[in-house]
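Single-letter residue listing:
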Amino acid sequence: MSRIQILDENVANRIAAGEVVERPASIVKELVENSLDAGAKRVEVQLAAGGKDLIRVIDDGSGMSAEDLRLAVQRFATSKIQAAEDLDTILTMGFRGEALPSIGAVAQLQITTRQADDAEANSIMLRGGSIIEEGIVAAPGGTSVEVTKLFYNTPARAKFLATTATERGHCIEWTQRLALARPDVAFKVIHDGKVLFSTAGRGELREVIAAIYGSNDARLFLPVEARDGDLVIQGYVSSPRLTRATRRTQLFFVNERFIRSSSLSHAVMAAFGMLLPSGRQPLCVLHILMRPEIVDPNVHPTKIEVRFSSPGQVHMAVQMAIEKALADAGLRSLESSSRMSMQRRDGDFARPRPAAGRWEGPAPDATQKAKRLRVNPFAESVDEHEDGLGVFAGQPGTTSTQPRLDVNAAEDAEALGQLANTYIIAKSGRDLLLVNQHRASERVLLQQLSNNESVITRQLLAVPLNLELTPSEAAAVENDTDELFRLGFEFEKFGPSAYILRSIPTALVGDKYEQAVLEMIRELAEWESAPSRTRARAKLAATIACHAAIKANTPLLAGEMQQLIDDLLATDTPAVCPHGDPIIVSINADWLDRKFGR
Ligand code: ADP
Ligand code: MG
């Protein structure tokens, strides 16, 4: 690392200066970033009372000379940039030379540091911005920074600190973001003597994800790996089975810096399309690596936003990378324009989508280029025999050896036979498809229902059912008579609020349908606003489709199988059912070639 210098006024003025010290977590962030910039491989964060009483960050990085230590605590003193041009190619976390002096101004700051080759460590203590102690001490190589008496000289700000639990939560959250940014660095957070978070620093991103979300949820993350020129997108995205109500857990890193971006969240949502359950958001940890010249981190006081010189390219690259990751896992979502209307809930999918399949996986050298990060779908912390997905064949290996469904390949397929009276075996180009017949049939029925086709067979009731309804229930039946008829329920008006039910879906024959019918009517009546009624109808359609669909353990004739496959591939999302479960598992012949060592 080059020596610390004071930036000249001209450069200093170009820096988007900001308040660095807002709360303990902002100090943790700044200190850990300094450790990472110093090349640390291990970083330990010690906290007392959520960081309000003590923050100590210890690293095994480069350390500082005595001279640099004195400079480090001055404003605009940095070893990371020198001239204004350097702002164009920033790869370090820091560059403003502000953090240490800002912290030293509002707290007591003690820094102890030793360079590996130096015999002794140097120590400096500041309070309220002035040096109150300096000396030579014995200490291991690296740097330890201790912050106490936070806001002692600004009591008004001290009052705004939240409870220990809240401040602790923010400190851990920031450390976790930095650990996701740098899976190659071992992190540890110790709070009041207890280890609350730690990572091994083996470079496996999925291990860090497991340390944060638990290993069960970590299994539900799909690897993302793609590139567009020298833009590399790597990381993980959750399968549709693991979702959250908010975007808070969509984490983006640009050149290893955590950033917020609603545009990138939008790209992720666009890739998922209707693979997601209503109102849910996928989780992701996505690294975007690009030439530093085409991204500006100097636009926000806490550097949590960046400006891309071509935001459109980044948006599209992320969207396609996620689409590819989903497709590799046998999940695909097609054109938004042809999506079933019942699933379209908001304006999220309004953007025209790029043609699928243009995206290429990274060349081997890109993986090298992707620096310290390895994305391995079968990383150690994950038990490959139960990855919980069902779409991988469970073979350990790299991304490129997974069985996968090519986005374009399965436009048509030939049914070959049936396995266990439950799965249809088909081939499509060089893909072998294993199709879950029940889910496939359910998907086909739903699609046909949403196209207003009458596909549900009706059974006339030998003894029609007389129904006395409340006025709102009667109104619901009246409003939805056609829809209910398509679903197999034939109602006939029999007075102001009485109806006769003449038929039910054949699939329900034999069940105790009376109660179910009344519940269905009640549900339809309950929803007054148009969108929620649409949802109630969609739910009803899904229930009927599930009942009416071909069951598992049902032998099928060759023609029936082919028909089902043809119908399935004609739907918008043949590979996944509305709950996000896979319908098709595929194995590619290329993968088999490799398996057989050809
Ligand atoms: P910046 O990170 O923007 O350069 P800081 O005020 O955070 O500014 O740090 C000032 C300088 O002190 C850094 O440029 C770096 O040279 C040095 N420094 C700070 N923390 C460490 C550390 N943990 N290890 C080695 N050097 C450090
Ligand atoms: Mg810094």
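Residues numbered from 1 in each chain as written. Chains lettered and ligands numbered in written order. Predicted model: local features only at pLDDT ≥ 70, side-chain atom pairs only at ≥ 80, totals over all residues. Heavy atoms only, no water.

Asks: Teacher, can you tell me more about the sheet that holds strand 12 (residues 231–238) here?
Replies: Where strands meet in a sheet, backbone hydrogen bonds hold them as pairs that are either parallel or antiparallel. With mixed pairing, five strands are arranged side by side in an open sheet as 11-12-17-14-15. Edge strands, defined here as strands with exactly one partner in the open sheet, are strand 11 (221–228) and strand 15 (257–259). Each neighbouring strand pair of the sheet contributes to a mean axis angle of 20 degrees, computed without reference to strand direction. The pairing of strand 14 (residues 250–254) with strand 17 (residues 284–289) spans five bridges and is parallel. For Phe-253, the partnering residue across the bridge sits in strand 17 and is His-287. Across the sheet, helix 9 (residues 262–272) lies against strand 12, strand 14, strand 15 and strand 17, angled at about 120 degrees from strand 14, the strand it touches most. (Pairing = 2+ DSSP bridges. Helix = DSSP H or I, 4+ residues; strand = E, 2+ residues; numbered from the N terminus. Axes fitted to C-alpha atoms, helices over the stretch in contact; angles between N-to-C directions. Contact = heavy atoms within 4.5 Å.)

Asks: For this particular structure, what's the right way to read the pairing of strand 21 (residues 423–428)?
Replies: Along any regular strand, the residues point their side chains to alternate faces of the sheet. Burial of the side chains of strand 21 is restricted to one face: Ile-424, Ala-426 and Ser-428 are buried, whereas none of Tyr-423, Ile-425 and Lys-427 on the reverse face is. Examined bridge by bridge, strand 20 (residues 414–419) and strand 21 share five bridges and lie antiparallel to one another. The residue bridging Gln-418 from the neighbouring strand is Ile-424, located in strand 21. Taking the residues that link successive antiparallel strands as the turn, the strand 20-strand 21 hairpin has three residues, and the phi of Ala-420 there is positive, at about 55 degrees. Counting the residues in the hairpin turn of strand 21 and strand 22 (residues 431–436) gives two residues, including Gly-429, whose phi is positive at 55 degrees. (Buried < 20%, exposed > 50% of the residue type's maximum accessible area, 1.4 Å probe, protein only.)

Asks: Can you walk me through the sheet that holds strand 5 (residues 108–114) in this structure?
Replies: In spatial order, the strands read 7-6-5-8-3-2-9-10; together these eight strands make up an open sheet with mixed pairing. Of all the strands in the sheet, the pair left with one neighbour each is strand 7 (130–137) and strand 10 (194–198). For this sheet, the mean inter-axis angle between neighbouring strands, taken without regard to orientation, is 15 degrees. Two elements, strand 2 (residues 42–48) and strand 3 (residues 54–59), share six bridges in a ladder whose sense is antiparallel. Pairing of Val-45 across the sheet is with Val-57, part of strand 3.

On their own, these measurements won't tell you what the molecule is for.
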